[in-house]
Amino acid sequence: MQETISRILEKENLTKEDLVVLLSANEADTELIFKKAAQVKKKYIGNYTYFRGLIELSNICSKNCFYCGIRRGNKNVHRYTVTDEEVLKACQYALDRDWGSIVIQAGERQDKIFVDRVEELLKKITDLSKDKIGVTLSLGEQTPEVLKRWHEAGATRYLVRIESSNEDLFYKIHPQDELHNFQKRKQALIDLQNAGYMTGTGVMIGLPFQTLEDLADDLLFMKEIDIDMCGMGPYIEHEDTPLYEYKNELIPLEERYKLTLKMIALLRILMKDVNIASATALQAVNPDGREEGIRVGANVIMPNITPIKYHSSYNLYKGKPEIVPETDNYIAQLEKQIAEAGDTVGYGELGDPVHFKNRIK
Ligand code: 5AD
Ligand code: SF4
């Protein structure tokens, strides 16, 4: 078997069938995949990991995704919104530590109050950071006009996870209505590229009904859309959500975790110079999860810098590391683990995806 895997890894273009074989690789063979991914990372983007300070701006969401703990329909959630002052304080924290960027994430809202507020907030962040911080948004689907406004106000990167590139599976994990539309979600990625954003997407791994073929297609989807950034993590069931009823049909959490590491490695091999985040959900399964992600090809870690009092309300899934003390001690520990994974932290750099620079050339 080792031979087949080695031979596939030497190919210039991986097909869906190749990817399925690689995704099914046993533990020893998986090490070959990880090794290859580490080589590709070193060659194309260097051994740097970037910190992005994650600010979970609000858990108010107009959507009702079947897997997500902060879905509109979950009444057991205390809804919050972080104030501008608190956001700016968190930005200052990132600036003081020379982190090149922040990510502003929230549930999806398209109402005027929210859109205007984000625009004003972005202007304040730009004033504070004087372009020393790249701002990534993860605020769901928006109209081209809104995307343009937010871009002009200072956001340069945007993440919209496709969640699954298989339309049938997409509709098994989302309600079938106007708000949750696969084609619109796909179009959102194209709108982002047209608006000039460095564009990111991602999927969940180990969803009920999901096959290795689906995951291979997810990887090819990302290549076809030509994304610049990716964040993917294991699906973790949440008891207050409709998808919880399939909890007995899931592959074990440890398998979802291993499959996520494989997906990271394969995306690195497939797309070479994109930014790949080592998702927080990996850490929810294994305390060293984010560092393992770095070892197998990821180059971004997003420490949560939301004020601690809000952490427990942003429970997308069960076991989300509740209060992660992103203190200086914790960061020193993270740095140590990143060094052990063979990387240096890229301080004082925006850490834009090399892929984007190549894409717009
Ligand atoms: N398990 C893992 N990831 C989840 N997300 C939402 N709910 C879950 C869950 N139960 C992810 C989705 C979403 C991102 C913000 O969090 O991929 O895009
Ligand atoms: Fe809202 Fe995002 Fe959760 Fe869906 S995944 S319910 S859009 S926060």
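Here, every reference points to the structure presented above.
Because the structure is a prediction, the values reported are computed rather than measured.

Engineer: Sorry if this is basic, but what is going on with the packing of aromatic side chains here?
Structural biologist: Aromatic rings in a pair are described by how distant their centres are and how their planes are angled relative to each other. On inspection of all chains with the given rule, the structure shows 9 aromatic pairs. Each ring, one from Tyr 80 and one from Tyr 310, has its centre 4.6 Å from the other, and the planes form 20°; the classification is stacked. Here the residue Tyr 80 occupies a position in the loop between strand S1 (48–58) and helix H4 (84–96), and Tyr 310 occupies one in helix H13 (residues 308–311), the gap between them amounting to 230 residues. You'll find Tyr 80 and Tyr 310 in the same group, each marked buried. Between Phe 170 and Tyr 171 the ring centres are 5.5 Å apart and the planes differ by 90°, which places this aromatic pair in the edge-to-face class. Taken as a pair, Phe 170 and Tyr 171 share a single burial class, namely buried. An aromatic cluster is present here, built from Phe 51, Tyr 93, Trp 99 and Tyr 347 joined pairwise through their rings.

Engineer: In this structure, what is going on with the environment of Leu 189? I would like to understand it.
Structural biologist: Mapping Leu 189 onto the fold places it in helix H8 (residues 182–194). Looking at Leu 189, the relative accessible area reads 0%, which means it is buried. Through-space distance from the C-alpha of Leu 189 to that of Leu 159 is 8.4 Å; in sequence the pair is 30 residues apart. For Leu 189, the contacting residues outside a window of four places in its chain are Val 160, Thr 199, Gly 200, Thr 201, Phe 221 and Ile 225.

Engineer: It is not clear to me how the pattern of salt bridges should be interpreted in this structure. Could you clarify?
Structural biologist: Pairing between side chains of opposite charge can happen when the charged atoms of each approach one another. Per the stated rule, a full pass over the model turns up 24 salt bridges. Glu 27 is paired through a salt bridge with Lys 258; the nearest N and O atoms lie 3.5 Å apart. Here Glu 27, found in helix H3 (residues 27–44), pairs with Lys 258, found in helix H10 (residues 253–271); they are 231 residues apart in sequence, far enough to count as distant. Accessibility expressed as a relative area gives 32% for Lys 258, which makes it partly exposed. The salt bridge involving Asp 84 is made with Arg 117; its shortest N-O contact spans 2.6 Å.

So, how was this worked out
Residues numbered from 1 in each chain as written. Chains lettered and ligands numbered in written order. Predicted model: local features only at pLDDT ≥ 70, side-chain atom pairs only at ≥ 80, totals over all residues. Heavy atoms only, no water. Phe/Tyr/Trp six-rings, centres within 6.5 Å; stacked < 30°, edge-to-face > 60°. Helix = DSSP H or I, 4+ residues; strand = E, 2+ residues; numbered from the N terminus. Buried < 20%, exposed > 50% of the residue type's maximum accessible area, 1.4 Å probe, protein only. Contact = heavy atoms within 4.5 Å. Salt bridge = Lys/Arg side-chain N within 4 Å of Asp/Glu carboxyl O.

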